[in-house]
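What the coordinates show
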Amino acid sequence: MALTKRNISFIDGYNVINKWSELKELSKVNLADARDKLIEELAEYKSLSGEEIVIVFDAYNLDRIKETVIEKYAMKIVFTKRFQTADSFIERQLAKIDTYNNIKVVTDDGAVQTQATSKGAIRVTALELRAELNTLRNKIKRKRKENFNQNFKTFPISDKVSDMLDKIREDLDDNN
């Protein structure tokens, strides 16, 4: 039986929140809402990319005695224990995971990026992750449009009706 490589992404949650402008603004009003919004965005990323996602949030200054791991949207969400940073949690996980898997670390912390690459992981900044999510969304939009056009052309309709529908589609695209 052949082994299948797993694609696992470790994401420093607060680092991403502080780098994505809309989440940073939201965090100033309500940090829990910013966390929830990030989790929802990453759930979409997971569904589009097929990667296993582990989101890590610091509990450095909180009185949490041990780390807490919850599952939501088929992702692991980790709240570290007191005096543990997301960086140290991710570094510990990198040491545990075998090199057979494809590992991605999302952080803007230079030291963690260096350690990640030394362990054979891919390092991605928060803004690169945002760009990757937008690229995946755009691919899905293009694919839907292609499928629509393919299905549309299989119906026997007049050229006049076809032109009218094309015009409606263009108008809809312009409004989005």
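Up top you'll find the structure we're talking about.
Right, let's walk through the structure included here.

Analysis parameters
- Counting starts from 1 at the beginning of each chain's written sequence and moves along it residue by residue.
- In keeping with the predicted nature of the model, local features appear solely for residues at pLDDT of at least 70, side-chain atom pairs appear and are counted solely at 80 or more, and the whole-chain, interface and lining totals rest on all residues.
- Where side-chain values are given, they derive from all heavy atoms of the structure, hydrogens and water being excluded.
- Helix and strand definitions here come from DSSP, where helices need a minimum of 4 consecutive H or I residues and strands a minimum of 2 consecutive E residues; each element is numbered from the N-terminal end.
- Only heavy atoms matter for contacts: two residues are in contact if any of them lie within 4.5 Å across the pair.
- Throughout this description, the term salt bridge denotes a Lys or Arg side-chain nitrogen within 4 Å of a carboxyl oxygen of Asp or Glu.
- Type-normalised accessible area, obtained with a 1.4 Å probe on protein chains alone, sets the label of each residue: buried when under 20%, exposed when over 50%, and partly exposed for intermediate values.

All right, on to the environment of Arg130 then. Summarising the element assignment, Arg130 is placed in helix H6 (residues 126-153). Dropping the residues within four chain positions of it, Arg130 is found in contact with Trp20, Glu22 and Glu41.

All right, on to the pattern of salt bridges then. Enumeration over the complete set of coordinates arrives at 13 salt bridges. With a closest N to O distance of 3.2 Å, Glu25 and Lys28 form a salt bridge. Placement of the pair is Glu25 and Lys28 together in helix H2 (residues 21-29), with a separation of three residues, close to one helical turn. What makes Glu25 partly exposed here is its relative accessible area of 47%. Here Lys28 falls in the exposed class, since its relative accessible area comes to 59%. Residue Lys104 pairs with Glu132 through a salt bridge whose shortest N-O separation is 3.1 Å. Here Lys104, found in strand E5 (residues 102-106), pairs with Glu132, found in helix H6; they are 28 residues apart in sequence, far enough to count as distant.

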